[in-house]
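The primary structure of each chain is shown beneath.
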Amino acid sequence: MKSCLVVDDSRVVRKVARRIAEDLGFSCIEAEDGKQAYEACQKSMPDAILLDWNMPVMSGIEFLEKLRQMEGGSYPKVVFCTTENNVAHIKRALQAGANEYIMKPFDSEIIENKFRQVGLIEG
Amino acid sequence: MLWQERFELNTMRLTDFDIYRDLLKEKSGLIITQDKIYLLESRLGPVAKKWGYPGLEALTLALQGAPKPELVNDVVEAMTTNETSFFRDTRPFDQFKAVILPKIMEKRAATKKIRIWCAAASSGQEPYSLVMILEEMKAKLPGWKVEILATDISNDILAQARQGVYTQFEVQRGLPIQMLMTHFVQDGDKWQISDAVKKQVTFQKFNLLDNMSALGRFDIIFCRNVLIYFDEPTKRGVLERMAKQCENDGFLLLGGAETVLGITEEWRLLPEQRGLYVRKDSPHLTTAPAVSKTASA
C-alpha cells in the first residue's frame, strides 16, 4: 500500500484530505507543520506528500527545500495544497521541487486528478 | 417510479413535457426522459425570465404557438449539457499523442497538414488541451500546419470558449500545473488562456444533425460524450455522416460510454485501443488477418 503524508496545521483540512487519500488507497500519516513532516520523512519516506504552505514552526516551502536535500528526498511526489493561488507562489513551489499544485478549495476529484497526473495512481 | 414522485412534486404537466421532448429531439437530437423533468424546470426557468414570461407554463404556451426561432434556440441551448474539463478522461489525449499523431504524421509527411474536428467542443477545454499537447510536441512538428475546428450547438458556450477564461476550479480539473503556468495568465480569481493557444482554434456553431459536407474532410475527429444523448437512429446518422467527412486513414474518438458496436458498420474499433475508431476501409486495420478463400462447393 502506498503511503501519503498529509501536512496541514488545520485539523479539519487534515481530516478531509486524509479521508480522500485513504479512499484512493493510501495509508496516511499526518503532520501539523513542516518540522513534524521533516521528522516523519526522516523515519520513513512516504510515496506522496500533500503539503500546506502557511504553517507555524516550519512552512511548507521550507520543508520542501529541506526534503529535496535529504537522502531519498527526491522520491516522494509532493503536491502543494494551499490557499496561496498566485503565479509567484506556484512558480516558487515548482522551482523548489513540487510535482503538482492544488489551490484551495479542493475536492476529491481534484486530488485524484493531480495524483494521477504525477503517477501516484494509475489509469 | 421515481419520476412519478418527482412529477407530483413538480408543476410540469406530462403534455407539456411532451412538447419539450419533441422539440429537443427535432432540433438537437437530444433525447430527454421524464426523469429529467427537474432539469427542464431548473434550466428553462432562466429562459422564461429572459423572455419576460412569468413562468414555465407561459413559456410552454409560447412554444406551442409560432415561436420565434431565437426562443427555440435558447431552449435548445439551455438543455444541451456542457460538462467538460481539460484533458477529460486522459486516455483519448494519451492516444492522440502516442497512437494517432505518429500514424497521421507518417501518412501526411508530404503535405505536413493535419485537420482536427472537435465536434462537441463546449467551453473549449478539449480543443485547447489539444493545442497544449501540440505545443509540447512542437520540436517534432517543424513546418507542420495543424488546423483545429471546434464546433458546438450552443452560441453561449462558444462565446465562453472563444473568451477562454476559466475559474480556478476549472483549471484544476485535469490541467497539469506546469501547463497552467505556461499557457495561462492569471486575472484576479480567473485564468485566461493565452492568445497563442486561442488563435490555433477556430470556433464555429454547428448542429450535428445538419449536413456536414461544408466542414470539409478531417484527419482526426473528437466526438466525445454527445452521442449518449441521442437515440439510435440519430447516433447512426451522425456516425455515418462523420465517416464521410473523415479521410480513409483518419481517426474518430468517442467518449468512454459510447461505441459504434451495434450501431453502424462504417467505423471499426482500432484493436486494443478503447474508444478509438477508424473507417472500415482504413489502412490502419492491416493487423486483421486476411481471410484466404477456401474452395467452395
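See above for the structure.
Heads up: these notes are all about the structure in this document. In this convention, every chain numbers its residues from 1, walking through the sequence in written order. To label them, take the chains in the order written and letter them from A, then take the ligands in the order written and number them from 1. Reporting of local features is limited, given that this is a predicted model, to residues whose pLDDT is at least 70; pairs of side-chain atoms are given and counted only at 80 or more, and all residues count toward the totals for whole chains, interfaces and linings. Hydrogens and waters are ignored; side-chain quantities use all the structure's heavy atoms.

Elements are defined by DSSP. Helices are runs of H or I of four residues or more, strands are runs of E of two residues or more, and each kind is numbered from the N terminus. Helix and strand counts for chain A come out as five helices and five strands. When the elements of chain A are put in sequence order from the N terminus, they spell out β-α-β-α-β-α-β-α-β-α. For the radius of gyration, the atoms used are the C-alpha atoms, and the globule rule reads 2.2 Å times the number of residues raised to 0.38. Since a compact globule built from 123 residues should have a radius of gyration of about 14 Å, the 13 Å found for chain A is in line with a globular shape. C-alpha atoms of chain A, sized along the principal axes, occupy 35 × 30 × 25 Å. Each of the 123 residues in chain A was classed as buried or not, and the buried ones make up 50%. Accessible surface, chain A as shown: approximately 5900 Å² in total, 45% of it carbon and sulfur. Just so you know, the count uses Lys and Arg for positive and Asp and Glu for negative, and it drops His and the chain ends. By convention, charge coordinates are those of NZ in Lys, CZ in Arg, CG in Asp, or CD in Glu. Separation of charge centres in chain A, based on 16 positive and 19 negative side chains, amounts to 1 Å. Summary of the burial criterion: residues with accessible area below 20% of their type's maximum are buried, those above 50% are exposed, and those between are partly exposed, where the area comes from a 1.4 Å probe applied to protein chains only. Working definition of accessibility: Shrake-Rupley area with a 1.4 Å probe, residue cover restricted to the visible protein chains.

This part takes up the sheet that holds strand E4 (residues 184-187) of chain B. All names here are of chain B. Strands qualify as paired when DSSP identifies two bridges or more between them. The strand order across the open sheet formed by three strands is E3-E5-E4, and the pairing between neighbours is antiparallel. Either end of the sheet is taken by a strand with one partner, and the two such strands are strand E3 (165-167) and E4. Adjacent strand axes in the sheet meet at a mean angle of 35° when their direction is disregarded. Note: E4 against strand E5 (residues 190-193), four bridges, orientation antiparallel. By the bridge assignment for E5, phenylalanine 184 is matched with isoleucine 193. Angles here are taken between N-to-C directions and fall from 0 to 180 degrees, while the axes themselves are lines fitted to C-alpha atoms, restricted in helices to the stretch in contact.

Right, let's talk about the interface of chain B and chain A for a bit. On the chain A side, the residues contacting the 14 residues of chain B number 19 residues. Using a 1.4 Å probe, buried area is obtained as the accessible area two parts lose upon being combined, added over both of them. Approximately 1500 Å² of surface area, both sides summed, lies buried where chain B meets chain A, with 56% of it carried by carbon and sulfur atoms. Contact with chain A buries surface across chain B, with B:Gln172, B:Ile177 and B:Met181 losing the most and accounting together for 42% of the total. Only one rule defines a salt bridge in this text: a Lys or Arg side-chain nitrogen within 4 Å of an Asp or Glu carboxyl oxygen. Remark: the boundary between chain B and chain A carries two salt bridges. One salt bridge in this structure joins A:Asp107 and B:Arg173, with 2.8 Å as the shortest N-O distance. Put simply, the parts of the chain that give the side of chain B that touches chain A at least two residues each are helix H9 (168-172) and helix H10 (177-183) of chain B. Just so you know the grouping, Ala, Val, Leu, Ile, Met, Phe, Trp, Tyr, Cys and Pro go in nonpolar, Asp, Glu, Lys and Arg go in charged, and all remaining residues, Gly too, go in polar. When its residues are assigned to classes, the side of chain B that touches chain A shows eight nonpolar, five polar and one charged. Residues count as neighbours in contact if any of their non-hydrogen atoms are within 4.5 Å of one another.

Side chains of residues three or four places apart in an α-helix project in the same direction, reflecting 3.6 residues per turn. Residue and element names in this part refer to chain B. If you check which residues of helix H8 (residues 155-163) are buried, you get Ile157, Leu158 and Ala161. Axial view of H8: buried residues confined to an arc of 100°, hence all on one face. In this structure, H8 carries Asp156 and Gln163 as exposed residues pointing more than 90 degrees from its buried face. In this structure, the buried residues of H8 make contact with helix H7 (125-136), strand E2 (145-152), E3 and strand E6 (201-205). In the analysis that follows, any N or O atom pair within 3.5 Å is treated as a polar contact, provided that within protein one partner can donate a hydrogen and the other can accept it, and provided that, for residues neighboring in sequence, both atoms belong to side chains. Capping the start of H8, serine 154 holds a side-chain oxygen 3.4 Å from the backbone nitrogen of aspartate 156, two or three residues further along. Remark: glycine 164 follows H8 within two positions and exhibits a positive phi of approximately 65°. Here the arc refers to the directions that run from the helix axis out to each C-beta atom.

Further remarks concern the packing of helix H2 (residues 14-28) of chain B against helix H5 (residues 69-79) of chain B. Residues and elements named next belong to chain B. Closest axis-to-axis distance for the H2/H5 pair is 10 Å, and the angle between their directions is 90°. Considered as vectors, H2 and H5 are oriented roughly perpendicular to each other. Every residue of H5 that contacts H2 at Tyr20, Leu23, Leu24, Lys27 and Ser28 is listed here: Val72, Val75, Val76 and Met79. Residues of the contact of H2 with H5, tallied by class, amount to seven nonpolar, one polar and one charged. Roughly parallel covers angles under 35 degrees, roughly antiparallel covers those over 145, roughly perpendicular covers 65 to 115, and oblique covers all other angles.

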